[in-house]
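Structure assessment
Here is how the chains run, residue by residue.
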Amino acid sequence: MGWFNRSRAAFFLLISCFASPLLGENNAERVDFAREIRPLLSNSCFTCHGPDPATREAFFRLDERSSAVDEGGVIIPGDPDASRVVIRISDTNERMRMPPPDSSQPPLTPQEIDLVRRWIAEGAEYQEHWSYVPLQRPPVPEVAQSDWVRNPIDAFVARSHERRGVEPAPEADRRTLIRRLSFDLTGLPPSPEEVDAFLADPAPDAYQQLVTRRLDSPHFGERMAVYWLDLVRYADSIGYHSDTSREVSLYRDYVIRAFNENLPFDQFTVEQVAGDLLPDGGPDQLIASTYNMLLQTTEEGGAQAGEYLAKYAADRVRNLSDVWLGSTMGCAECHDHKYDPITAHDFYSMAAFFADIQEPGVGRRSETPILTLEQQQQQRELQKLVAEVRQKLEPAEAEAAGSETPAEEQSAQQDSADEADEPARPQLAALQEELAAREKKLQEFEAALPRTLVPRTGSPREIRILPRGDWLDYSGPVVEPAVPARWGRLETNQRRLTRQDLAQWLVDPANPLVARTTANRLWALVFGAGLARTLEDLGAQGEMPTHPELLDWLAAEFRDSGWDTKHLLTLMVNSNTYRQASAASPQLRRQDPDNRWLARQFSYRLDAEMVRDNALAVSGLLVRTIGGPSVKPYQPAGYWAHLNFPKRDWQQSQGDALYRRGLYTHWQRSFLHPSLMAFDAPSREECTAQRVRSNTPQQALVLLNDPTYVEAARGLAERILRHEPASPPQRLDFAFRQVLSRRPDGEEQELLLGLLETHADHYRQDPEAAERLLSVGQRPRPADLDASEWAAWTSVARVLLNLPEGILRY
């Protein structure tokens with residue numbers, strides 16, 4: 001652990017040298033506390049001299065100037081030699097040196113100690129952590145490369161280029177731009193026709209028009225939903241123990257619709273956190289409040305309800321702070337945060353906002369039917385029809401009951417009773433039959449209604465601080481709903497605060513965290529990495545932004561534009577910074593291997609869902625229907641063998657449902673679909689702000705052998721065979737344009753046509769092998785294609801779908 005912290009501290013210090021516009025250019029420049037000193041103190045000192053009083057030693061803290069300078073004299077501004085902190089961190093006696101050798105905190109290197117000395121000599125100025133500073137729009141800089149600047153983003157980036165003496169990469173070619181833009185904004189490849197049209201478009205604003213078309217595509221919302229569902233840990237199963245299924249797909253449809261309609265992000269936030277509490281809310285707002293129910297839950301018989309209610313409360317605080325604040329509040333569940341200004345009192349006060357949600361600690365949650373206004377009217381009409389029959393039925397039943405008399409009277413009244421009951425019996429039977437029919441119609445109507453989990457509210461539960469997070473220890477004080485004290489205070493007006501108050505605070509213009517967090521993540525969506533690389537943590541343990549003024553400008557623009565997501569993305573993808581080629585000279589790669597200077601674009605593998613969608617799209621199999629319940633594509637038999645309580649089998653979907661976008665695949669938390677898992681899709685047990693991007697042999701095996709990709713290759717081969725003109729080189733040209741938006745070069749053509757010939761000979765000699773290959777998947781096989789030729793072209797298609805160029809975004 002010490003090695004990890006040591007490496008992390010050195011890493012952040014190295015980053016600061018590259019990222020700061022001051023360091024590396026002139027060593028006489030002042031030391032920057034936020035960028036250079038705070039990371040060192042956070043990694044080596046804050047555990048014992050930071051925000052958490054439970055672990056604080058020697059009664060002073062280094063995270064606040066009032067303690068370190070004004071009160072303790074640990075730091076004497078202007079005099080590093082007399083400052084106790086310098087004496088202790090540089091002491092040659094291990095017993096006296098700080099941090100202690102037996103601690104998990106790494107000692108400072110000589111270079112880091114020198115940096116601290118310089119900082120103290122310059123006056124030991126402290127600064128608020130960068131992400132907590134009130135958000136103000138910085139002025140757009142004037143730069144010498146003014147002809148390169150398309151919008152303010154480029155001005156900030158060009159200034160950093162000029163300070164470092166680097167030139168930006170040239171603009172990417174149009175083929176690369178349309179593929180990049182299509183994947184970034186829709187998650188789908190462009191068709192050859194779209195590529196040809198863009199390449200031939202002479203309009204000066206051809207690129208800007210392309211941006212508009214991609215943002216207006218209904219598939220934009222699907223692409224954005226993948227990012228958002230990772231954050232809010234959307235899944236189709238409950239997670240714990242039995243991991244049984246639940247119905248929440250209406251929430252996914254809401255997210256897709258919200259992004260497509262460009263719902264202002266502040267409204268998007270309020271509807272999710274408190275949609276069920278809004279006085280003028282409708283079905284959409286109720287569905288949005290499903291956000292509050294996306295956490296993991298349990299149905300385990302032996303589980304303790306109190307324990308899981310505590311887990312649920314903590315889960316909601318962790319996720320909300322991760323999603324909107326970019327802060328790791330989860331650390332404060334057991335103790336005050338050791339690095340950030342978040343106390344355990346803050347943590348449980350945030351949990352109190354969700355105490356109105358009535359839910360079992362253990363057990364099944366029932367979904368709520370969601371009705372449109374029209375459906376509400378239909379339901380009322382059906383209920384009225386049922387009530388009318390019941391009203392008629394009551395006197396008829398009473399009349400029939402009245403015929404029952406004491407035994408001694410029955411004989412005398414038998415003749416007259418028979419005469420009276422004669423017309424009543426058919427009438428009663430008819431009414432009963434009519435009631436049954438109308439009740440059945442009402443039941444069928446209600447059974448067909450879409451359902452989702454929504455909060456059921458009531459009197460708030462009592463929330464106490466749990467010492468060290470122990471759910472059995474209720475000795476802590478009771479807390480009321482409140483936001484973290486360091487970040488503000490909400491006026492209660494002598495009433496209990498609600499989730500609606502919390503939601504409004506999140507998007508209050510005075511709150512700097514939400515705008516910075518979201519702008520940083522939107523940047524990562526179209527560049528591959530955030531301006532602050534730690535998308536999940538903008539706190540003291542996170543990484544400083546490489547271009548802090550640019551991030552602040554983007555965050556202010558996002559907020560001041562009315563929280564307009566499409567507007568901010570339009571600025572980003574229209575910038576010259578975005579339009580750069582991703583290739584770099586050997587010198588630039590040596591100087592800036594991680595592309596922190598933004599002197600080129602990023603290149604990286606597509607997300608798991610996009611890899612699947614791309615294969616289905618180019619093969620012609622993709623079903624582009626928007627929204628709807630989750631689907632179950634091909635999955636290896638027996639994969640769910642250890643999914644118990646109860647035992648279940650994967651009920652594979654049929655027909656078009658097999659070819660939906662990966663976004664709609666059933667998300668089983670404990671047994672994530674293996675094809676998606678191979679390409680690093682998360683389980684969504686917790687918030688995922690940025691996916692891992694691995695490069696493993698298993699990924700190539702998935703692309704070669706997974707039935708989805710084999711069937712996609714078969715579908716692509718069928719398209720190839722039906723292409724006219726029909727010579728093998730022309731067909732190969734068609735295949736390349738479908739998969740890679742370009743034509744093959746001479747070497748590629750020679751290699752693949754040779755492969756085609758070899759495999760055609762093989763399948764002619766072994767027709768059973770051709771049949772086995774062509775039988776993969778459920779798509780009906782046409783009878784007019786030669787099996788050996790089709791199988792050979794399927795082999796070629798499998799190669800094309802496995803090319804790195806086909807699953808990378810450049």
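All of these numbers come straight from a predicted model, not from anything done at the bench. (Residues numbered from 1 in each chain as written. Predicted model: local features only at pLDDT ≥ 70, side-chain atom pairs only at ≥ 80, totals over all residues. Heavy atoms only, no water.)

Describing the overall build of the protein chain
Scanning the protein chain from N- to C-terminus turns up 33 helices and six strands. Seen along its three principal axes, the alpha-carbon backbone of the protein chain occupies a region of about 120 × 80 × 50 Å. Burial analysis of the protein chain (810 residues in total) assigns 55% to the buried set. Put simply, of all contacts in the protein chain between residues at least 6 apart along the chain, 71% involve residues at least 24 apart. By element, 52% of the accessible surface of the protein chain is carried by carbon and sulfur atoms, the whole surface being about 35,000 Å². Charged side chains of the protein chain number 89 positive and 120 negative; the gap between the two group centres comes to 5 Å. (Helix = DSSP H or I, 4+ residues; strand = E, 2+ residues; numbered from the N terminus. Buried < 20%, exposed > 50% of the residue type's maximum accessible area, 1.4 Å probe, protein only. Contact = heavy atoms within 4.5 Å. Areas by Shrake-Rupley, 256 points an atom, 1.4 Å probe, with all protein chains shown as cover. Lys, Arg positive; Asp, Glu negative; His and termini not counted. Charge placed at Lys NZ, Arg CZ, Asp CG, Glu CD.)

Some words on empty space enclosed by the protein
Gaps left between atoms are located by rolling a probe of water-molecule size over the structure's atoms. Applying the stated criterion across every chain yields a total of ten cavities of 30 Å³ or more. Approximately 310 Å³ is the volume found for the largest cavity. As for the largest cavity, its lining consists of 23 residues, of which R223, A524, L525, D607 and R693 are closest to the centre. Within the residue set of the lining of the largest cavity, elements represented by two or more residues are α8 (174–186), α11 (218–231), α20 (512–527) and β5 (604–605). Residue classes in the lining of the largest cavity are distributed as eleven nonpolar, three polar and nine charged. (1 Å grid on protein atoms, 1.4 Å probe; cavity = no way out; pocket = protein on both sides within 12 Å on 5 of 7 lines; lining within 4 Å. Points joined across faces, edges and corners; volume = space filled by probe spheres on them. Nonpolar A, V, L, I, M, F, W, Y, C, P; charged D, E, K, R; others polar.)

Remarks on the packing of helix α31 (residues 767–774) against helix α32 (residues 787–801)
Their axes nearest at 9 Å, the elements α31 and α32 cross at an angle of 55°. Judged by the angle between their axes, α31 and α32 are oblique. The element α31 and its partner α32 pack so that their crossing is left-handed. Side by side, α31 and α32 meet where A770, E771, L773 and L774 of the first sit next to A787, W790, A791, T794, S795 and R798 of the second. Residues belonging to the contact of α31 with α32 are distributed by class as follows: six nonpolar, two polar and two charged. (Axes fitted to C-alpha atoms, helices over the stretch in contact; angles between N-to-C directions. Parallel < 35°, antiparallel > 145°, perpendicular 65-115°, else oblique. Left-handed = near helix turned anticlockwise from the far one by under 90°.)

Description of helix α10 (residues 206–216)
For α10, the set of buried residues is A206, Y207, L210, V211, R214 and L215. Those residues of α10 that are buried are in contact with α8, α9 (192–200), α11, α22 (565–574) and α23 (576–579).

Focus: helix α2 (residues 33–44)
Of all twelve residues that make up α2, twelve are buried, and the element is covered over most of its length. Those residues of α2 not exposed but buried are F33, A34, R35, E36, I37, R38, P39, L40, L41, S42, N43 and S44. Structurally, the start of α2 carries an N-cap: the backbone nitrogen of A34 is 3.1 Å from a side-chain oxygen of D32. (Polar contact = N/O pair within 3.5 Å; in protein donor to acceptor, adjacent residues only side chain to side chain.)

Some details on the nonpolar core
Within the largest apolar cluster, 126 residues are counted, with the highest numbers of intra-cluster contacts made by W228, Y251, W324 and L554. In terms of residue count, the dominant contributor to this core is α20 (ten residues). Apart from the residues within four sequence positions on either side, W324 is in contact with W228, F265, T269, Q272, V273, Y291, L506, L513, V514 and T517. Membership of the second largest hydrophobic core comes to 48 residues, among which are V618, Y709, L740 and I807. (Core = buried A, V, L, I, M, F, W, Y, C linked by side-chain atoms within 4.5 Å.)

Here's the deal with the pattern of salt bridges
Taken as a whole, this structure holds 53 salt bridges when the rule is applied. Measuring nitrogen to oxygen at the nearest pair gives 3.8 Å for the salt bridge that ties R486 to E128. Note that R486 is positioned in the loop between β4 (478–479) and α19 (499–506) and E128 in the loop between α6 (110–121) and α7 (152–164), a separation of 358 residues in sequence. Take R486: its relative accessible area is 42%, and that puts it in the partly exposed class. (Salt bridge = Lys/Arg side-chain N within 4 Å of Asp/Glu carboxyl O.)

Thoughts on the packing of aromatic side chains
Any two aromatic rings considered together are summarised by their centre-to-centre distance and by the angle between their planes. According to the stated counting rule, one finds 25 aromatic pairs in the structure shown. With a centroid separation of 3.9 Å and an interplanar angle of 10°, the aromatic rings of W523 and F527 are classed as stacked. Linking W523 with F527, this pair stays in helix α20, spanning four residues, or about one helical turn. In this structure, W523 and F527 share a single accessibility class: buried. Through a chain of ring-to-ring contacts, the aromatic side chains of Y227, W228, Y234, Y251, Y254, F259, F265, F268, Y291, W324, F558 and W563 assemble into a single cluster. (Phe/Tyr/Trp six-rings, centres within 6.5 Å; stacked < 30°, edge-to-face > 60°.)

A word on the packing of helix α25 (residues 608–619) against helix α28 (residues 707–721)
Following both chains from N to C, one finds α25 and α28 inclined at 25°, their axes separated by 8 Å at the closest point. One way to sum up the angle between α25 and α28 is to call them roughly parallel. In terms of crossing hand, the pair formed by α25 and α28 is left-handed. Residues V611, R612, A615, L616, A617, V618 and S619 of α25 pack against T708, Y709, A712, G715, L716 and R719 of α28.

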